[in-house]
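So you can see what is in the structure, the chains are spelled out below.
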Amino acid sequence: MKNIFIFLFITFSLGVFSQIEDPIEWSTSVEKISDSEFVLVSTATIEEGWHLYSQNVPEDGPVPTTFTFDDSEQNFSLIEKTIEEKGHTIDDTVFQMKIKFFENKAVFRQEVKVLSDINTINGVVEFMVCDDSKCLAPTEIDLKFNIPNESENPFNSDEGLLNPVKWKTSIEKISKVEYDLVITAEIDADWHLYSQHTADGGALPIEITKSNEKDAYDLVGKAVESDTIKKFNEIFDVQETYFDNKAILKQRIKLKNQDISKVTLNLTGQVCRKVCIQIDEDFTFLLNGKNENSIITSVDNTSVNNLLYGMNTDGLSFSSDTCKDEIKSNSSEIQSGGKSLWNIFGLGFLGGLLALLTPCVFPMIPLTVSFFTKKSGQNKGAGISKALLYGFFIFAVYILLSVPFHLLDSVNPDILNEISTNIWLNIIFFIIFVFFAFSFFGYYELTLPASWTNKTTQGENSGGFIGIFFMALTLAIVSFSCTGPILGSLLAGSLTADGGAWQLTAGMAGFGVSLGLPFALFAMFPNMMNALPKSGGWLNTTKVILGFLELALAFKFLSNADLVAHWNLLKIEPFLLLWILIFAGLALYLLGKIKFPHDSPIKKLSFSRIAGGILVASFVVYLASGFMVNKETKTFTPLTLLSGLAPPVGYSFLYPNDCPNNLDCFKDLKKGIEYANKVNKPIMLDFTGYACVNCRKMEEHVWPNKKIDNYLRNDYVLISLYVDDKKELPKEEQILVNRINGGTRKLETYGNKWANYQTQFFKTNSQPYYVLLNSDGTKILNQAVGYTPDENDYAKFLECGLEVFKNNNKE
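Heads up: these notes are all about the structure in this document.

What counts, and at which threshold
- Residues numbered from 1 in each chain as written.
- Predicted model: local features only at pLDDT ≥ 70, side-chain atom pairs only at ≥ 80, totals over all residues.
- Heavy atoms only, no water.
- Disulfide = S-S within 2.5 Å.
- Buried < 20%, exposed > 50% of the residue type's maximum accessible area, 1.4 Å probe, protein only.
- Pairing = 2+ DSSP bridges.
- Helix = DSSP H or I, 4+ residues; strand = E, 2+ residues; numbered from the N terminus.
- Axes fitted to C-alpha atoms, helices over the stretch in contact; angles between N-to-C directions.
- Contact = heavy atoms within 4.5 Å.
- Polar contact = N/O pair within 3.5 Å; in protein donor to acceptor, adjacent residues only side chain to side chain.
- Core = buried A, V, L, I, M, F, W, Y, C linked by side-chain atoms within 4.5 Å.
- Expected span 1.5 Å × (residues − 1).

## A word on the state of the cysteines
Right, on to step 1. The tally for this structure, following the rule as stated, stands at 1 disulfide.
Right, on to step 2. Across a sulfur-sulfur distance of 1.8 Å, C659 and C665 are joined as a disulfide pair. Looking down the S-S bond of the C659 and C665 bridge, the torsion is -75 degrees, so its handedness is left-handed. As far as the burial class goes, C659 and C665 line up, both buried.

Structure, rendered in structure tokens:
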């Protein structure tokens, strides 16, 4: 308390002896509500850098702003308290409390009721202003409010004339003859604009009509309204429907003559607070003005869906019929795509074990464990606890690497899919993997900047938890030349999978656990270190093997880019040949026929190298079997181990096939529905992707099943919608749409279009995703499914849809 008074005394003194400052100006105005009710408006214009404090300031804080009004003659009465704007609230370090203040401008509103014939109301405002270095002494200013009376014509000036609604217009082109004419109303606080659908007997509803009935266009139904509020009005005894703050009205029109360039709508209605004001406005829209060739700026979902898909979500419903053996697939199963987070955790764990067997990490295990156990001396418990903490911090470092990807995923659920199918990103991944491969071969070392290592090493001297954390971070940095390529594979693989950020977190968790676990285990049981093999040439052999694997995986990313961009270069034949050459090279290396820079001389081939060489050579023969032709599908034979890694077998120079397994399929929704209607067959929507791993597994290993193939070939119309297709949409379809989780996005490619269709209509964004519809595409026949590797389950799914479709046709 004493410090605050000293601060105020000093700042007031500085203000007095330096110069006279007047950083705030007050002005007044009056808003008329009715003949007896008015709003007294006090406006403070504040110089930049100065703050005016709120009416509500805690005790011992700065002087609050206070209004008093002279009602000694009882000519008026105050209605409630003076209302102020939102302002800014901060933790003030000088006054040591939360304080609300205003900057630049502040408006205060006091509602009054006039009880007799008066021309003015007098008031006083007391206030205090401060900047970052000083406060001025509390000041009082006289305020004068001129009250309009009946002898004055309020229409001769703006003062007292109420205008609680501000209007804006825009145009959304739906087709050559259809437009949405958008009227936006910004409504002042406490005022209500009444909906077209408000009950009779209350305020007047909005009504939109043609300004000239002879104009050659028609209104299509009533205007679509933004969100409204429903509230019972006791005075009129009706349920009223109205807008607060903002209203958006979209009136669809259909032109009878495409040459029309101008349309005028008339809007009538009522806006009320304690009084009501009649509305009668004309709005003119220039159809062939600057909006004619522009892309739609903002379209409601109804307009978008009708334009792009020929239907709206309201027109899609579930069939009332069911079947006995319906396959249920909940959203979590679909999102996992048959590849649970535990599977990914296991793969990450395996990657961490491989990293342990590299020259950058393996020699660190006995050194680090010895450091903890020896430093703790006789207190073995302390050494064990520090080693456990060290292992945990290794785990935490790798988990933290995945956090930014969750932030991306929350902004837009499709963003990781868009990243993973980005052509240039896949090319970059290809280059990086090749670069990693040659690093593993020993031609150069990958290291992070030395300054990073120096800084983390300095942090180790902090001691305690912080020091151990920096030791873990230092290990992660210095071992990057060996762990980096494995982490890169994990990152790229997660981005191109359906689980996105959570798969990356699961993989990083597995990697961190396997990398940190040995340090904790060997600290608890030091004798186990005697069983570890000695460091030697085998560590470099592990690195070289990983290099061959990195080189093979690099072509998976180049294949993704080729598929999405439709370059038609890396088809199944060159891809298999490249993998055959890579793994033949690995077999020769294991058998001692090829050497790399850091390899030790081989005096005698070990059993493990001979066995490994034979195993890899067998895999080469397996790859060569991929050139065998399947006579039924007239394609090469798909290889199970390469599902999702190699291009589709139909993507071929010798046996090209646009649809999986030589099936007939459509890649356009409207054309597919049109054909299904013509032949009266149910539809299978196949939401897929060129770079979708599990989609290839389904197409190459489930769909070829004779029973399933028969359903798809003879009983269903297959519509395959590729959500990563980068082909550009026609200009008229490149529009902004509302995201399902808020915000907007622009549809630019066919992939964007189909991804939007999937999220808007089916509330999911993972692939593969299979939906069975009736022949006109308006009725869902049964529960949709995602990745379903069990052939029997998938066959039951198709049987169920067919059964429901036939039952519906009997009705």
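What follows picks up the thread again.
## Quick word on the sheet that holds strand β5 (residues 76-84)
Right, on to step 1. The 4 strands are arranged β1-β2-β8-β5 in an open sheet whose pairing can be described as antiparallel. Pairing within the sheet leaves two strands with one partner each, and these edge strands are β1 (24-32) and β5. Taking the axes of each pair of neighbouring strands and ignoring which way they run, one obtains an average angle of 20 degrees across the sheet.
Right, on to step 2. Looking at chain direction, β1 and strand β2 (residues 37-46) are connected through 9 bridges and run antiparallel.

## Thoughts on the environment of F430
Right, on to step 1. Considering the arrangement of structural elements, one finds F430 in helix α9 (residues 423-440).
Right, on to step 2. For the pair F430 and F555, spaced 125 residues apart in the sequence, the C-alpha separation amounts to 6.4 Å.
Right, on to step 3. Contact partners of F430, with chain neighbours within four places excluded, come to A554, F555, F557 and L558.

## Regarding the side chain of N75
Right, on to step 1. In this fold, N75 is placed in the loop between β4 (66-69) and β5.
Right, on to step 2. Separated by 2.9 Å, the side chains of N75 and S116 make a polar contact.
Right, on to step 3. Discounting residues that sit within four places of it in the chain, N75 has contacts with K113, V114, L115, S116 and I118.

## Points about the nonpolar core
Right, on to step 1. Among the nonpolar cores identified, the biggest contains 33 residues, and F548, W579, F583 and L642 are the most heavily contacted of them.
Right, on to step 2. Of all the secondary structure elements, the ones that give two or more residues to this core are α9, α14 (537-565), α15 (572-590) and α16 (607-624).
Right, on to step 3. The element that contributes the greatest number of residues to this core is α15, accounting for 11 residues.

## Topic: helix α21 (residues 791-810)
Right, on to step 1. Given a rise of 1.5 Å per residue, 20 residues ought to cover 28 Å, and the 29 Å separating the end C-alpha atoms of α21 matches this to within 8%.
Right, on to step 2. Looking only at α21, the buried set comprises Y794, A795, F797, L798, C800, G801, L802, V804, F805 and N808.
Right, on to step 3. A side-chain oxygen of the first residue of α21 lies 2.9 Å from the backbone nitrogen of N792; this N-cap is D790.

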